[in-house]
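# Overview (structure and organization)
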Amino acid sequence: MAYFQRRMDGIERGGKIAADVFCVLLLGVMALGCLGVWFGIIASVLVVLGVLTIDYCTADPDDRVAAVIR
């Protein structure tokens, strides 16, 4: 699935980017506070990679065959 869907306009795209940046910063600060610098950075990277993987594997109505899971 593409990061931006075809039917999104500029305001929705900007809002999606702003929400993603806010969530990454919030999770990063909490991970740094709980785990320390190095483990906090590693945990933040793993969470972001996991979220992007789930976003990629989720079917989108814009896809030609929405029933096919990658």
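Residues numbered from 1 in each chain as written. Predicted model: local features only at pLDDT ≥ 70, side-chain atom pairs only at ≥ 80, totals over all residues. Heavy atoms only, no water.

Secondary structure summary: the protein contains two helices and zero strands in total. A sequence separation of at least 24 residues applies to 37% of the contacts in the protein between residues at least 6 apart. (Helix = DSSP H or I, 4+ residues; strand = E, 2+ residues; numbered from the N terminus. Contact = heavy atoms within 4.5 Å.)

As a further point, take a nonpolar patch on the surface. The grouping of Leu-32, Leu-35, Val-37, Trp-38, Phe-39, Ile-41, Ile-42, Val-45, Leu-46 and Leu-49 at the surface amounts to a nonpolar patch, some 1,100 Å² of accessible area in total. Residue assignment for the nonpolar patch shows that the elements contributing at least two residues are α1 (10-35) and α2 (37-57). Among the elements that line the nonpolar patch, the one with the most residues is α2, at eight residues. (Patch = residues over 30% accessible without salt bridge, like charges linked within 9 Å, V, L, I, M, F, W, Y side chains within 5 Å. Areas by Shrake-Rupley, 256 points an atom, 1.4 Å probe, with all protein chains shown as cover. Salt bridge = Lys/Arg side-chain N within 4 Å of Asp/Glu carboxyl O.)

Now for the side chain of Ser-44. Relative to the elements of secondary structure, Ser-44 occurs in helix α2. By relative accessible area, Ser-44 is classed as buried at 18%. Setting aside anything within four residues of it in sequence, one finds Ser-44 in contact with Leu-27, Gly-28 and Ala-31. (Buried < 20%, exposed > 50% of the residue type's maximum accessible area, 1.4 Å probe, protein only.)

A few words on the packing of α1 against α2. Direction vectors running N to C along α1 and α2 enclose 145°, while the axes themselves pass 8 Å from each other. The element α1 and its partner α2 pack so that their crossing is right-handed. Between α1 and α2, the contacting residues are Lys-16, Val-24, Leu-27, Gly-28, Ala-31, Leu-32 and Leu-35 on the first element and Val-37, Phe-39, Gly-40, Ile-41, Ala-43, Ser-44, Val-47, Val-48 and Asp-55 on the second. Among the residues making up the contact of α1 with α2, the classes are represented as 11 nonpolar, three polar and two charged. (Axes fitted to C-alpha atoms, helices over the stretch in contact; angles between N-to-C directions. Left-handed = near helix turned anticlockwise from the far one by under 90°. Nonpolar A, V, L, I, M, F, W, Y, C, P; charged D, E, K, R; others polar.)

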